[in-house]
Amino acid sequence: MSTELTPLTPPREAQVENANPTNEEQPFDVRLEHALSDQHMHAALERFAPSWRDSRAGVFSYEEQEYGPDYSFQHMRSTLRQAKDYATEHQPELVARFKEMARAAGAIVFEARTAEEANRYIYDLCQRKGIDLVVKSKTMVSEETELNHYLEARQIRAVETDLGEWVAQLAHERPSHMVMPIIHKTRQQVGALLSEATGREISREDVAEQVAVIRVEHRKSFLNAGMGISGANALIAESGTVMMMTNEGNGRLVTSLPPVHVVMAGYDKLIGTFAETMTQLRLLARSATAQHITSYTTFITGPAIPGHEMHIVLVDNGRSEMRADPRFKDALRCIRCAACANICPPYAQVGGHAFGYIYSGAIGLVVTPFHHGIEAGAGPQSLCVSCNACETVCPVEIPLPGLILDVRSRVVEAKGLHWIKKLVFGAMARPRLFNVATRLISIAQFPVTRGSNFIRARNFGILGKLPLPYIRPMVKLASWHSLPAFASRPLRDRVKRQLERYERRDAIDRVLPDRVPANATSRLTVCYFAGCMTDRLYPEMGQAVIHVLQTCGVRVTFPLGQNCCGLPALNSGDRRDGAAMARQTIIMLEQALKESEADYILSASTSCVATIAQDYTRLFEDLDEQGWLRRARELAGKVVDFTSFLERMLAEGVQLPVRQENGEATIVTTYHDSCQSCNCLGLRKEARSIIRDALGLELREMPQADVCCGFGGSTSIEHGDVAERLLHNKLRNAESTGATILVADNPGCLMHMRGGVDVNGKKLRVLHLAQLVAERLE
Amino acid sequence: MTMQTTTNLFQRFQQRLEAAGGEAHYAESLVEAADILAAHPALVQREIVVPPAFEARQPWGAILPMLAERGIAISEAGDPASVADFPAGLSSAELAIAETGSILLAENALPARIVSMLTLTHFALAQAGTLYPMLEEAGSALQRLTAPGPDQRHYISLVTGPSRTADIERTLTIGVQGPRALCVIIVE
């Protein structure tokens, strides 16, 4: 046969599929708009997310209780991470061993460098064997290489036999989720598709009847197909075995009945031993569907039947490039469980057709540039709110949030930064300019704030209705959450006076001495890093922080040279300005520590804490600036957040002079876990203990307290629709508790939530934890 | 293994398998296993399909005459079309794992394999002595069974409950392409 194939016109099927607004052929904006308008999908994903979280947590805690700490999520994921890292590091040896053992067992192994090579090999095989019907069980790699199109364009029919994949195929769509391909479809839509495909009326309501259809419809395909194509969940090097996990039973038929079985798998599926594989199958089933194990876990080592063939196509398609990258090689640990999609707040708003390319979820944002190019990954990555939830559930500890930001930086490098961001970050990186600019704005904003703390949409009046650049988008943003006004007197001005007053009274040693225990903590000095949001927008939060600390007998210093830590720029992929702000902050803090002899650098913005204590080191590692890296590491050890600092002081015996309620109605509070607090710093109990135990207030847990409020830095500006939905959920959950005060410990969340409360006229006070504590002091 | 630990293990196995939608029985002897089978609702049509040469399989072959005595017609599995949707199939497992309620099937021959793939109710026999607490034991067995040589098992499955899907609106539905019911009998 000829080795050169003339490209064929794609058949009608492919054209229909490409025109579908869910298809990756469509521009990202089209996919996103379609996703945002798909209410069925949105409702399904919103129902699914909390139920998955609960069942997943349940299955892991059950195992840990029953079998001990060796079977805890943390322990197992660290074990599997090590096994997968070993496999990546020793890939050539593992490949050699796998090939040797698989070949000894009678399998044929083919190594494909590109998607085209993989598809071509399979097509050639069909040609050679005269095969025109192929049955498939789920394989993400074949989606990656777009095998179905390739075969269909060459007159070979490929039938998906997994129920969800088949329905997606009938709808000319791609799966929107790696584990639940048609989570975006309703039973009515499925019934209609099945009726059309079978030419007879299938129930639109009865799922059992719909499921029964596939058994009948596919039986003939199974018996007549010349080839079965499957994926692999693991390639076990020690024995040359392919592991495949399924629930429906189609996988075993695809790999048993047709005389030729082809496995498509990425090199990342290699793993050393069966022992390691047992950990993988536990983690995969539990992370994916909260099952202890899937119904069928199949291990195939060469063809079992005389005359049958087994071909294993190992696909590279960008994986070598990942393996060579010191950061992105971590992504090769992925076992495709989709936990990172299931936990992801923006994913739950838009689904996998927009939040991803072919691979969806957080891992999709990370691997897409390698498999399908940076252009394909540019749109989807912009949806990430950097909440870091994905990293907490990843069963192989992939540092997904950092890798997504790396992708973002590459996108910015390739496509440039949005001009507004360029302007803003450029200004923020110049402290004097930023200082003057914010002071000017605080005066100029009057027409739209009218002296309030908010820039409100309605204050724009007729101006807001005109199609003016700058103004119109701002009015649109303010229409669902009022924007914060710049304070006329930033914290730095107020604090100067406040600190001077305390110094004069020699407050440090004399503040409430009877309540200060005679141990070292009572003499602590902290250098207070407020963060630009507190400084410029919410100086009263900063004053509350200082007040509470001083009440605890802590000496507080406030370096006036402080500026933005660089987080907004870094989170937007602007490394140049971000690194400039990081260096400034390091110099400023080092000097402040030296001058004040402070024990800690304290911030009441957990975002700033995470940036200084965690992101700086990663940044300077990437930039390979060893001097700055060393300084960043040293500084990181000194940084603490307000919440855990206060909790520790209280635990060590410091008594807060809390006001007793005199006949007031009980104050009911609810607490929002800021993403940086819970996901980056691991804080959960601290703030709750302060509210309940130290302040004696009632705390009612809201549903999904630790799900992102939607702020997500500049994502809330870029994707207002997504941010608005997340904010709506958050405020609805907070209100459902009946609380009158909503507490958090991160100014970004507070700003976002206050804006929403202001627009919706809700009866909630949104306070920083420090403000709540300050209010309750005598 | 002491009686006590066997009982505990079986209880755990049963609990996990039931949670996965399967069914587990404990039989003191092969006779008792035959009784359980004969009384099972899935055998109301009094027929069952078994892998070829099952009568020669140790120690399970002896159950076939017992089933015949109880009025069950036994067919030997042949081509897939003939086994498809057969009301009941019987095969044997290499071992069972209590942690997950799984059985390990290791059959090379297609007719033996499809008994657990295409029938409506799949019955599997496993020896109590091969019921292990944790998946690690399955890992060791896999290593042994896939070792190169004439006895190499090419096709091994850990089966845990019946075939299932939750693809449509996350509604759990039992019985997609595989059996709609799985019944494991652990025999002492």
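Keep in mind it's a predicted model, so treat the numbers as computed, not measured.

Before going further, it helps to examine the overall build of chain A. Counting its regular elements, chain A contains 39 helices and 20 strands. Its C-alpha atoms put chain A at 95 × 60 × 50 Å along the principal axes. With 778 residues in all, chain A has 64% of them scored as buried. For chain A, the exposed surface amounts to about 29500 Å²; the carbon and sulfur share of it is 52%. Across chain A, the 88 positively charged side chains and the 90 negatively charged ones have centroids separated by 5 Å.

Looking only at helices and strands, chain B features six helices and 12 strands. At 16 Å, chain B has a C-alpha radius of gyration in line with the 16 Å of a compact globule built from 188 residues. Principal-axis analysis of the C-alpha atoms places the extent of chain B at approximately 45 × 35 × 35 Å. In chain B, which comprises 188 residues, the share counted as buried stands at 57%. Once local pairs closer than 6 in sequence are excluded, the contacts in chain B between residues at least 24 apart make up 75%. Here chain B has roughly 6800 Å² of accessible surface; of this, 53% comes from carbon and sulfur atoms. Considering chain B, the positive charge centre built from 11 side chains and the negative charge centre built from 20 side chains are found 5 Å apart.

Let's shift gears to the packing of aromatic side chains. Residue and element names in this part refer to chain A. Scanning the model with the defined rule gives 11 aromatic pairs over all chains in all. A centroid spacing of 5.9 Å and a plane angle of 65° characterise the contact between Y528 and F558, whose relative ring orientation is edge-to-face. Here F558 lies in the loop between β14 (555-557) and α29 (567-571) and Y528 lies in strand β13 (residues 525-528), a separation of 30 residues in the sequence. Across this residue pair, the class does not change: Y528 and F558 are buried. Between R154 and the ring centre of Y123, over which it is positioned, the NZ or CZ distance is 5.9 Å. The positively charged end of R336 is found above the aromatic ring belonging to Y359, 4.4 Å away from the centroid.

This next bit is on the nonpolar core. All names here are of chain A. Formed by 117 residues in total, the largest nonpolar core has its most connected members in I122, M227, L281, F299, V350, I363 and L400. Each of two domains, domain 1 (12-315) and domain 3 (668-776), supplies a minimum of three residues to this core. The contacts of I363, once residues within four sequence positions are left out, are M178, A331, C334, R336, C340, I398 and L400.

With that settled, the discussion passes to the sheet that holds strand β16 (residues 639-641) of chain A. Residue and element names in this part refer to chain A. The sheet built from four strands is open, its strands ordered β14-β13-β15-β16 with parallel pairing. The open sheet has two edge strands, β14 and β16, and neither has a second partner. Taken pair by pair, the neighbouring strands of this sheet meet at an average axis angle of 35°, ignoring direction. Pairing of β13 with strand β15 (residues 600-603), which is carried by three bridges, proceeds in the parallel orientation. Among the inter-strand pairings, C527 is bridged to a residue of β15, identified as I601. Each of β13, β14 and β15 touches helix α28 (residues 539-551); the most contacted strand, β13, lies at about 175° to it.

Ordered by their spatial adjacency, eight strands build an open sheet running β8(A)-β5(A)-β6(A)-β9(A)-β9(B)-β6(B)-β5(B)-β8(B), and the pairing between neighbours is mixed. Each of the sheet's edge strands pairs with one partner strand only, and the pair in question is β8 (270-271) of chain A together with β8 (131-132) of chain B. Relative to strand β9 (residues 155-159) of chain B, strand β6 (residues 102-106) of chain B is paired through four bridges, and the arrangement is antiparallel. Bridge pairing links L105 of chain B to S157 of chain B in β9 of chain B.

Take the interface of chain B and chain A next. Taken together, the contacts link 55 residues of chain B with 67 residues of chain A. Interface area for chain B against chain A, summed over the two sides, is near 5000 Å², with a carbon-plus-sulfur share of 54%. Of all residues in chain B, D167, I168 and Q177 of chain B give up the largest surface area on contact with chain A, accounting jointly for 16% of the area buried on that side. Taken together, chain B and chain A are joined by seven salt bridges. R215 of chain A serves as the salt-bridge partner of D85 of chain B, at 3.0 Å between the closest nitrogen and oxygen. Every element with two or more residues in the side of chain B that touches chain A is listed here: α1 (3-19), α4 (80-83), β6, α5 (110-114), α6 (135-145), β9 and β10 (164-165) of chain B. Among the elements that take part in the side of chain B that touches chain A, α6 of chain B stands out by supplying six residues, more than any other. Counted by class, the side of chain B that touches chain A contains 22 nonpolar, 21 polar and 12 charged residues. One ladder, built from five bridges, connects strand β9 (residues 296-300) of chain A with β9 of chain B; its direction is antiparallel. Within β9 of chain B, the position partnered with T297 of chain A by the bridge is L158 of chain B.

Right, let's get into the domain arrangement of chain A. Think of interface size as the accessible area that goes away when the parts come together; that is how it is often given. Residue and element names in this part refer to chain A. Partitioning chain A into structural domains gives domain 1 (12-315), domain 2 (491-651) and domain 3 (668-776). One C-alpha centre belongs to domain 1, the other to domain 3, and the line joining them spans 39 Å. Between domain 1 and domain 3, the residue contacts involve seven residues of the former and eight residues of the latter. Both faces considered, domain 1 and domain 3 share a buried interface measuring about 660 Å² in area, 49% of it formed by carbon and sulfur atoms. At the junction of domain 1 with domain 3, the criterion picks out one salt bridge. Linking R53 and D706 is a salt bridge whose minimum nitrogen-to-oxygen distance equals 2.5 Å. Where domain 1 meets domain 3, there are three residue pairs in polar contact (both at pLDDT 80 or more).

All names here are of chain A. A cluster of nonpolar side chains, namely W419, I420, L423, V424 and Y470, defines an oily patch on the protein surface of about 550 Å² accessible area. Considering the arrangement of structural elements, one finds L423 in helix α21 (residues 419-428). For L423, a relative accessible area of 59% puts it in the exposed group.

To continue, consider the environment of G106 of chain A. Structurally, G106 of chain A is set in the loop between α5 (91-104) and β1 (108-112). G106 of chain A sits 198 residues away from A304 of chain A along the chain, and the two C-alpha atoms are 8.7 Å apart.

What follows concerns unusual backbone geometry. A cis amide bond links Q58 of chain B to the next residue, P59 of chain B, at an omega of -10°. You can see P59 of chain B is positioned in the loop between β2 (47-50) and α3 (63-69). You will see that N388 of chain A, though not glycine, has its phi angle at about 70°, which is positive. When you line up the elements, N388 of chain A lands in the loop between α18 (374-381) and α19 (389-393). Classification of N388 of chain A by relative accessible area gives buried; the value is 13%. Its identity as a non-glycine residue notwithstanding, R46 of chain B has a phi of 55°, on the positive side.

Basis of the calculations
Residue positions are given per chain, counted from 1 along the sequence in the order it is written. The naming scheme follows written order: chains are lettered A onward, ligands numbered 1 onward. Residue-level local features of this predicted model are given only where pLDDT is at least 70; pairs of side-chain atoms are given and counted only at 80 or more, and the full residue set underlies all totals for whole chains, interfaces and linings. Derived side-chain values reflect all non-hydrogen atoms in the structure, with water molecules and hydrogen atoms excluded from consideration. The helix and strand labels rest on DSSP assignments: H or I over at least four residues marks a helix, E over at least two residues marks a strand, and numbering proceeds from the N terminus. Here the term buried applies to any residue with accessible area under 20% of the maximum for its type, exposed to any over 50%, and partly exposed to those in between, with areas from a 1.4 Å probe on protein chains only. Only the protein chains shown count as covering a residue, and every accessible area follows the Shrake-Rupley method with a 1.4 Å probe. Note on charges: Lys and Arg go in the positive column, Asp and Glu in the negative column, and His and the chain ends are not counted at all. Each charge is placed at NZ for Lys, CZ for Arg, CG for Asp and CD for Glu. We take the radius of gyration over the C-alpha atoms and set the globule estimate at 2.2 Å times the residue count to the 0.38 power. Working rule for contacts: check all heavy atoms of both residues, and any pair within 4.5 Å makes them a contact. A pair of Phe, Tyr and Trp rings is counted when the ring centres sit within 6.5 Å of each other, with Trp represented by its six-membered ring. The angle between the planes then sorts it: under 30 degrees is stacked, over 60 is edge-to-face, the rest tilted. Note on criteria: charge over ring means Lys NZ or Arg CZ within 6 Å of the ring centre, with the direction from the centre no more than 35 degrees off the ring normal. Working definition of a nonpolar core: buried Ala, Val, Leu, Ile, Met, Phe, Trp, Tyr and Cys residues. They are joined through side-chain atoms within 4.5 Å. Domains are outlined according to an automatic or database domain assignment. In this scheme, strands are said to pair when DSSP sees at least two bridges between them. All axes are obtained by fitting lines to C-alpha atoms, using only the stretch in contact for helices, and the reported angles, taken between N-to-C directions, cover 0 to 180 degrees. Here the quantity called buried area is the accessible surface, traced with a 1.4 Å probe, that two parts lose on coming together, added over both. One speaks of a salt bridge when a side-chain nitrogen belonging to Lys or Arg is within 4 Å of a carboxyl oxygen belonging to Asp or Glu. Note on residue classes: Ala, Val, Leu, Ile, Met, Phe, Trp, Tyr, Cys and Pro are nonpolar, Asp, Glu, Lys and Arg are charged, and everything else, Gly too, is polar. Contacts described as polar in this section are N or O atom pairs within 3.5 Å, which, within protein, must combine one atom able to donate a hydrogen with one able to accept it, while residues neighboring in sequence count only if both atoms come from side chains. Nonpolar side chains (Val, Leu, Ile, Met, Phe, Trp, Tyr) within 5 Å and like charges within 9 Å form the patches, drawn only from residues with over 30% relative accessible area and no salt bridge.

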